Amino acid sequence: MSTTPARQSTPRVYTPVDHIRPELKSMSPYTPILPYEVLAERLNRSPADIVKLDANENPYGPAPAVAKGLADAQYLHIYPDPASGFLRDALQDYTGLSKEYLLAGAGADELIDLLFRLFIVPGKGHSVINLPPTFGMYKFDADVNGADVVNVKRKHGSFAVDIEAVEHVFENAAPEDYPKIIFVASPNNPDGSVVSDDVLRRLLALPTLVVLDEAYFEFAQDNRLLWVPRYDNLVVLRTFSKWAGLAGMRVGYGAFPLGIIEHLWKIKQPYNVSVASQIAAVASIREKGNLLAKVERMIAQRGLFYKEVKRFDWLTPFPSQSNYVLCRVAGGRTAAQVKEQLAERGILIRYYTAKGLADCIRISMGTEEQMKRLYEALVEL
Ligand SMILES: Cc1ncc(COP(=O)(O)O)c(C=O)c1O
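Only a predicted model underlies this, so the values are computations on that prediction, with no experimental measurement involved. (Residues numbered from 1 in each chain as written. Predicted model: local features only at pLDDT ≥ 70, side-chain atom pairs only at ≥ 80, totals over all residues. Heavy atoms only, no water.)

What to know about the overall build of the protein
Helices and strands together make up the secondary structure of the protein, namely 14 helices and 13 strands. For the protein, the spread of C-alpha atoms along the principal axes amounts to about 85 × 60 × 50 Å. Considering the protein as a whole, with its 381 residues, one finds that 48% of them fall into the buried category. Taking the contacts inside the protein whose residues are at least 6 apart along the sequence as the reference set, 71% of them involve residues at least 24 apart. Accessible surface computed for the protein: about 18,800 Å², of which carbon and sulfur atoms make up 54%. Looking at charge distribution, the protein has the averaged site of its 43 positive side-chain charges lying 2 Å from that of its 44 negative ones. (Helix = DSSP H or I, 4+ residues; strand = E, 2+ residues; numbered from the N terminus. Buried < 20%, exposed > 50% of the residue type's maximum accessible area, 1.4 Å probe, protein only. Contact = heavy atoms within 4.5 Å. Areas by Shrake-Rupley, 256 points an atom, 1.4 Å probe, with all protein chains shown as cover. Lys, Arg positive; Asp, Glu negative; His and termini not counted. Charge placed at Lys NZ, Arg CZ, Asp CG, Glu CD.)

Given below as structure tokens:
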């Protein structure tokens, strides 16, 4: 007779899914963009034939030094430097800010999430201020990290930050309820407007952390990263996804007050920026002349875009200081129709249905040839 005790099975009363954090269980899933190749197949075209103007990527791709750096990489079998040392040295040269203020991340996206983790205690009713319409990750990360979102809409027509309304949130709240963070994208995605120095100073005077997201800084040149040492409540985020054409490598960085960066070092995943991403980012800074010349070409395309769209009385562009232009669609057409008709011609753009952006499309600036194809297609519509 065997003396081995019967194996204990998990008691049936225990259902793991019942223990998932309730706010995450009820959260709607993120709608990802379809992979490029899948979209191409759906449209019955080869990927090379697609004009992708829907995600503010850099149509020229990375600097040639990136491919060379990756081909020559010798230490892909070794974990990356947790401090991204070579990259932060290069960033110190690129930004002019001492590297003690700089932390690299797997895209600016990772740094946004890290800030939530550092400041928000889930379930405590902590809040952050979001300035819609704006980049969707602030709301996404607020949901994931159990933060309440106080929306202060940007001004109708200009998309300027409604600073009086933001100040009002603090005037009406008890100090223990002050929002912990305010996210300000500048240039803002999707319209491309920039926050003025004056408004930024008023935000910095509030009892909260101001996260200035300068993902598109190179297209606007409104450099506030060097303000960071002067304010203990200012964080500036940047990325290699746009100017350096490295969206697929996931590498960004931020400038943080010393009292904050010290704690971010503790909570970040030790190997957050891969060896390949660090090599690619350093190579991009070494070849920045080449990349910034491409940025100039995209800025030139933006200037040309405003001239070209004058031909289409059903399309009204908003002023942009970034590598995309938001346009309102009118004249009996809808934004969804325009998006669909351009997609049939192999041209991908973003369209919006949300309040305040209804009937708007956003077009990223492409290469000279891609923009030519866009204008030809718009004439056909
Ligand atoms: C305003 C803004 N911030 C950050 C990002 C994301 O940057 P990254 O690719 O470095 O995560 C984007 C990407 O579209 C963006 O529009």
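Let's talk about the site of the ligand
Within the structure, the ligand sits among G107, A108, D109, F135, N189, D213, A215, Y216, T239, S241, K242 and R250. Take A108: an N or O atom from its main chain is 2.7 Å from an oxygen atom of the ligand. Between S241 and the ligand, the recorded distance is 2.6 Å, taken from a side-chain N or O atom to an oxygen atom. Within the complex, 93% of the 400 Å² of free accessible area of the ligand lies under protein. Sorting elements by how many residues they give to the shell around the ligand places helix 5 (residues 107–119) first, with three residues. Split into classes, the residues belonging to the shell around the ligand amount to four nonpolar, four polar and four charged. (Near = heavy atom within 4 Å. Polar contact = N/O pair within 3.5 Å; in protein donor to acceptor, adjacent residues only side chain to side chain. Nonpolar A, V, L, I, M, F, W, Y, C, P; charged D, E, K, R; others polar.)

Describing helix 4 (residues 85–95)
Residues of helix 4 that are buried: G85, L87, R88, A90, L91, Y94 and T95. A positive phi of about 80 degrees marks G96, the residue just after helix 4.

With respect to unusual backbone geometry
Following P132, the chain continues into P133 via a peptide bond in cis, with omega recorded as -5 degrees. By secondary structure assignment, the location of P133 is in the loop between strand 3 (127–130) and helix 6 (137–144). With an omega of 25 degrees, the peptide bond between N189 and P190 qualifies as cis. Relative to the helices and strands, P190 is located in the loop between strand 5 (181–185) and helix 8 (197–204).

Some points on the sheet that holds strand 2 (residues 102–105)
With mixed pairing, the seven strands of this open sheet are ordered in space as 2-8-7-6-5-3-4. Lying at the two open borders of the sheet, with one neighbouring strand each, are strand 2 and strand 4 (148–151). With strand direction ignored, the average angle separating the axes of adjacent strands in the sheet is 25 degrees. Running at roughly 35 degrees to strand 2, helix 10 (residues 258–267) makes contact with strand 2 and strand 6 (209–213) of the sheet. (Pairing = 2+ DSSP bridges. Axes fitted to C-alpha atoms, helices over the stretch in contact; angles between N-to-C directions.)

Comments concerning the pattern of salt bridges
All told, the structure shown has 20 salt bridges when counted by the stated rule. Notably, a salt bridge pairs E164 with R202, separated by 3.5 Å at the nearest N-O pair. With E164 in helix 7 (residues 163–171) and R202 in helix 8, this residue pair connects regions lying 38 residues apart in the sequence. Among the ionic pairs, R202 bridges to E167, the shortest N-O distance being 2.9 Å. Residue R202 is located in helix 8, and its partner E167 is located in helix 7; the two are separated by 35 residues in the primary sequence. The exposure class of R202 is partly exposed, given its relative accessible area of 29%. Salt bridges here are not isolated pairs; linked through shared partners, they connect D197, E214, R224 and R238. (Salt bridge = Lys/Arg side-chain N within 4 Å of Asp/Glu carboxyl O.)

Examining the domain arrangement of the protein
Taken domain by domain, the protein comprises domain 1 (31–58 + 289–380) and domain 2 (64–287). Measuring from the centre of the C-alpha atoms in domain 1 to the corresponding centre in domain 2 gives 26 Å. When domain 1 packs against domain 2, close to 1,900 Å² is buried across both sides, 59% of that on carbon and sulfur atoms. Contact with domain 2 buries area across many residues of domain 1, yet L291, Q321 and Y324 alone supply 28% of it, more than any other trio. Between the two partners, domain 1 and domain 2, sit zero salt bridges. Seen at the junction of domain 1 and domain 2, the total is 10 residue pairs in polar contact (both at pLDDT 80 or more). For the side of domain 1 that touches domain 2, the secondary structure elements donating two or more residues are helix 12 (288–308) and strand 10 (324–329). Across the side of domain 1 that touches domain 2, the residue classes tally to 12 nonpolar, eight polar and three charged. (Domains from an automatic or database assignment. Buried area = accessible area lost by both parts, 1.4 Å probe.)

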